Amino acid sequence: MESLYPQTEETRVQRKMHGEDDSAANPSRNSRILAVKSFDVSDCDGTKEQSVKLCGYLNKLTGKGPLRGFKTRWFVYDPRKCYLYYFKTPQDALPLGHIEIADACFNYDVEVEEGLFEIHTEGKEFLLKAPNRQVMHYWLQQLQQKRWEFCNMSGHRDNWCSPTPCYPYTGLVAKDAEAMLCEKPNESMESVRSDFAVEMDSNGLVGLQSLRNPVAQPNAALNSFRNRVSEIRNSMSHLRPSRGGENRRSVFYTASSEDWEMVDPPTKDTLEHKPPPDSQRRESPSHLQRYSIGSAFTFDFRNPSRMKRPFHMGSGKPTRSAESSPVECNGTKTSELQLRIQSQQEEINRLQEQENQLREELAGQKELVCLLQQTLRSSQCDWGSTVSFGNMGPHSHNQAGNEVDKALAERDSQIRDLCGHMEKLALVKESLQQELKSLKIKVGEINEQLGMLMETIQAKDEVIMKLSQQSGNEGTQPAECNSPSATREQQELDILKDSLQGYKSQNNFLNKEILELTVLRRNAESREKALEAKCTSLEAKLCQVESKYLVLLQEVKSPVCSSSEQTHRGEVITRLLEDALQVESADQQEHPILKPNAVSEYDIYGFKTVPEEEDDEEKLEAKKRALDLKSLSLTDQETSVRVKWDNYLAITMNREMVRSPELKALMRSGVPHNHRSKVWSWCVNFHVKKMRDDVSKDYYQNLLSTANEKPNPACKQIELDLLRTLPNNKHYASPDSDGIQKLRNVLLAFSWRNPDIGYCQGLNRLAAIALLYLDQEDAFWCLVAIVEVFMPRDYYTKTLLGSQVDQRVLKDLMCEKLPRLLAHFEYYKVDTSLITFNWFLVVFVDSVVSDILFKIWDAFLYEGPKIIFRFALALFKYKEEEFLKLQDPMTIFKYLRYFTHTILDARKLMSMAFVDMNPFPLRQIQNRRTFHLEKVRLELTELEAIRQTFLRERDNSLDSRTLISDDEEDS
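What you see is a predicted model; the values in this text were computed from it and never measured.

Focus on the overall build of the protein chain
- Broken down by element type, the protein chain carries 37 helices and nine strands.
- Taken over 971 residues, the protein chain has a buried fraction of 40%.
- Sequence-distant contacts, at least 24 apart, represent 74% of the contacts inside the protein chain between residues at least 6 apart.
- A total of about 55,600 Å² of accessible surface is found on the protein chain, and carbon and sulfur atoms cover 53% of it.

Considering the UniProt feature "coiled-coil region" (unreviewed entry) in the protein chain
- The feature "coiled-coil region" (unreviewed entry), as annotated in UniProt, sits at residues 334–368, 422–449 and 486–541 in this numbering.
- Each end of residues 422–449 is marked by a C-alpha atom, and these two atoms are 41 Å apart; helix forms 100% of the span and strand 0%.

Brief notes about the packing of helix H26 (residues 763–771) against helix H27 (residues 776–790)
- Between H26 and H27, the shortest axis-to-axis distance is 9 Å and the interhelical angle comes to 135°. With respect to H27, the axis of H26 lies oblique. Considering how the two elements wind past one another, H26 and H27 form a crossing that is right-handed. Packed against H26, whose contacting residues are Leu763, Leu766, Ala767, Ala770 and Leu771, the element H27 presents Gln776, Ala779, Cys782, Leu783, Ile786 and Val787 at the interface.
- Split by residue class, the contact of H26 with H27 holds 10 nonpolar, one polar and no charged.

Details of the pattern of salt bridges
- Inspection of the entire model under this criterion finds 24 salt bridges.
- Between Lys608 and Glu601 there is a salt bridge, with the nearest N and O atoms lying 3.1 Å from each other.
- Judged by relative accessible area, which is 23%, Glu601 ranks as partly exposed.
- Among the salt bridges present, the one from Asp812 reaches Arg928, with a minimum N-O distance of 3.5 Å. Of the two residues, Asp812 sits in helix H28 (residues 801–817) while Arg928 sits in helix H36 (residues 922–960), which places them 116 residues apart along the sequence.

Focus: a nonpolar patch on the surface
- On the surface, Tyr549, Leu550 and Leu553 cluster together into a nonpolar patch covering about 330 Å² of accessible area.
- Inspection of the secondary structure assignment puts Tyr549 in helix H15 (residues 484–557).

Details of the packing of aromatic side chains
- A complete count under the given rule lists 32 aromatic pairs for this structure.
- Pairing Trp680 with Phe854 gives two aromatic rings, centres 6.2 Å apart and planes at 25°, and the pair type is stacked. Highlighted residues: Trp680 in helix H21 (residues 676–687) and Phe854 in helix H31 (residues 850–863), separated in sequence by 174 residues. Both residues of the pair, Trp680 and Phe854, count as buried.
- Pairwise contacts between aromatic rings join Phe825, Trp839, Phe844, Phe876, Phe883, Tyr895, Tyr898 and Phe899 into one cluster.

Section: the nonpolar core
- If you look at the biggest cluster of nonpolar residues, it comprises 124 residues, and the most contacted ones within it are Leu763, Tyr796 and Phe844.
- Setting aside residues up to four positions removed in sequence, Tyr796 forms contacts with Ile757, Cys760, Leu763, Leu766, Ile786, Val787, Met791, Phe840 and Leu841.

Quick word on the packing of H31 against helix H32 (residues 866–878)
- At a closest axis distance of 8 Å, the pairing of H31 and H32 adopts a crossing angle of 145°. Side by side, H31 and H32 meet where Ile856, Ala859, Phe860 and Glu863 of the first sit next to Lys866, Ile867, Ile868 and Phe871 of the second.
- Of the residues assigned to the contact of H31 with H32, the class counts are six nonpolar, no polar and two charged.

Looking at the sheet that holds strand E4 (residues 97–100)
- The seven strands are arranged E4-E3-E2-E1-E7-E6-E5 in an open sheet whose pairing can be described as antiparallel. Edge positions in the sheet fall to E4 and strand E5 (105–107), since each of these pairs with one other strand and no more. Sheet twist, expressed as the average angle between the axes of neighbouring strands with direction ignored, equals 35°.
- Across two bridges, strand E1 (residues 55–62) lies against strand E7 (residues 124–129) in antiparallel orientation. Counterpart to Asn59 in the pairing with E7 is Lys129.

Let's talk about the environment of Ser633
- Take Ser633: it is sitting in helix H18 (residues 616–633).
- For Ser633, a relative accessible area of 28% puts it in the partly exposed group.
- When near neighbours in sequence (up to four residues on either side) are disregarded, Ser633 contacts Glu638 and Arg642.

Quick notes on the confidence of the model for the protein chain
- When pLDDT is averaged along the protein chain, the result is 74, and 67% of the positions lie at 70 or above.
- Taking the mean pLDDT of every element in the protein chain, the minimum, 36, falls on strand E9 (residues 295–300) and the maximum, 96, on H32.
- Considering only residues more than four positions removed or in separate chains, one finds that residues 1–51, a stretch of pLDDT under 50, has 99 contacts.
- Confidence drops under pLDDT 50 across residues 229–331; counting only partners more than four residues distant or on other chains, this segment forms 134 contacts.

Here is what the cut-offs are and how they apply
Residues numbered from 1 in each chain as written. Predicted model: local features only at pLDDT ≥ 70, side-chain atom pairs only at ≥ 80, totals over all residues. Heavy atoms only, no water. Helix = DSSP H or I, 4+ residues; strand = E, 2+ residues; numbered from the N terminus. Buried < 20%, exposed > 50% of the residue type's maximum accessible area, 1.4 Å probe, protein only. Contact = heavy atoms within 4.5 Å. Areas by Shrake-Rupley, 256 points an atom, 1.4 Å probe, with all protein chains shown as cover. UniProt positions renumbered as here; feature names shortened; annotations may be inferred. Axes fitted to C-alpha atoms, helices over the stretch in contact; angles between N-to-C directions. Parallel < 35°, antiparallel > 145°, perpendicular 65-115°, else oblique. Left-handed = near helix turned anticlockwise from the far one by under 90°. Nonpolar A, V, L, I, M, F, W, Y, C, P; charged D, E, K, R; others polar. Salt bridge = Lys/Arg side-chain N within 4 Å of Asp/Glu carboxyl O. Patch = residues over 30% accessible without salt bridge, like charges linked within 9 Å, V, L, I, M, F, W, Y side chains within 5 Å. Phe/Tyr/Trp six-rings, centres within 6.5 Å; stacked < 30°, edge-to-face > 60°. Core = buried A, V, L, I, M, F, W, Y, C linked by side-chain atoms within 4.5 Å. Pairing = 2+ DSSP bridges. pLDDT = per-residue confidence, 0-100.

Encoded structure:
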């Protein structure tokens, strides 16, 4: 923490050397106050989860005893439960644990290590460390804001079945969810909170961009590692010689503007293979003397091992280092060293020139040897020619042989002399190379000594410059101000200023923390009082219900003696029925505590709970059904399903959902209301991914533009069916409803995408259900997935060929799974396809209660059309015994029309669909579809032939008839 810890003089000097400024190193001094507004759900309409995800690397204190230390963890905030999960890596599926932010308080200390902060929860304490102070403040501010948002959500404590959604609602239920979850923030409280808020930037170290930032993870991960390494290094320092000044950079001020870079002399291995360059070997003394002591140039010691070696003078005794020894070297010693270096360089040059001369002489001798070898070869050829003349006399033969022997002896003697001379030259060369090597080593040592002296001079120059600056800035002050005590006072003043800035920042944070905790405590107390009042009101209502129930039992039990008593009984029963039919109106919703009602006017999907146009008996039955559904939604089994989904989505926070047996089982158990938008969107995108990849990103918008510009034959029928789609749902009840225009857009876009179908009655209901949880474009692709991926071809065409085939497949499956019930229907000649045809065409829309409908759609969007067959058989299985008791065709058919609305237990129905109906292979359905498809096509061909024959006979009969006028008829 630059602003929370003292800055030494050495630190500030180093910053000046590298061109840094205190304002850049300490961003908190230039930070301005930022008003942070509270979370508004309407602001995040249409946004994706990734854009607001709070995640990043932090170091967490873990372990016990000697193994206790900081380890890097990947932290992800989950807004559903206000949990801060931490993983070992971003790719991990299971979190190592979580921190409950809703009940936590935060704190950090100025005087501890940089980036260190604490999170205190009930019975636990978490110690975390950010890469730097700025990132720490960013995390603390974001966690405070998330806690504030979660705790101000309406019903986050008392209505556990509707937690904060982790994925923004994108359908028509979004506005209902926003109205239920959001409370209007207190403006005065928000202004006070904004006074303590400070603008902080994460610098790419927080959020999903930290995964793509190569600096993010090492900065967070290596802090603890570096600390451990430094501790080990300090503990082992007594095992090696003392070494001073690692990785130091010395700056010397010169009169010229040129910079010198001095590199440590190479090692012995390097000297053996790499001679010094010519520019260094032939440098003149005037070039060295051109730089005076007062110049400014940089020496970069790139070999840290050389820098750590203690300074040794020519006597071999170690002297004090440049840091411990004050300025005690003068310019005379430096000039003497420069003269010694110059003389050594001249000697090296002389030896190298001598070496070059010897090499040239050796090359000449080699050439002479080559010439002698050629002469020898020619002499051998002459000797061969001499031998060839063997017929010559003996005298001439002996004379020629003597001459050849003499010539060979002379040549041999010359060759021996040359070889000896070459050996001498080789010895001389080797001795010169060894001498050259020793001289280079001496030059390296002298360079090192020169570097140490230059550091000493630099320290001297720094002191001189500081003193000169102080004397220039404080010339009017007394001479005592230039003393070392004044410098120490100035340093202490700077330290106090930095500490003051740190304490101010900490004070603002703690004030905001105390303020928020106080408000949250007051809100919790007010919620507790409201719950107590609600509980009291519910107890009073329960007493009233019990009293009315007892009165009703008493009236029913007592005999009717007179007409007045009968009238009184009728009035009592009527009054009780009126009280029972009351539902929660819009006015009562504003005061739910004063007038609590178990049944609202609309359910969470927007469907009307108690229809107004029905008679009292049906209204009473509708309210009873709503009460039963609400009681079923509060069972332990439903709670278990919600917990399983929360755990699964917590696992998939770091990765996309993938098809798996676990996800299949969860989909079959039903998706909770607050997760359905995300899950449905993923299912649709999974099934149409290839289609969407083959078209442009603005494909849906282009279809809408085409529909607006060109007339479509389906437009008229679409307009007629809009208000008839879901009239009992508030999102489609009137022309001004928010769902009507969206439904129109989806149907028009689909009619242009698939002109073979255009529009078919039934598509409007499919699109309307999809729009409840998806936005327009996703609902359009959901309709595409159902029509073009799930259902067979010709399912929604004019002939409805695919739908007819599925009715015969269902009959075959009933013969296999429910033989008694099918025989009962056939005995009384009841055609079930008149009812089940609509089940398949619109996937049970308006055929079952809303809770069961959406659970069927959850599994349908994941597995496909096989789900329709499963639930169709399960519905008949659920009421099989009731059907078998009916012995009249009209009674059976009447019960067949409404029996699905009497089924309320979704868990029992799903168990029958996914357990009792097994085995249920998809291949069996496909084979039966293929078999019945040929039969239906053959029947349609025969019907078409019969129709054509009938038309021809009718035309012929009309032509053969003789038209007689009225006059002829009268006559």
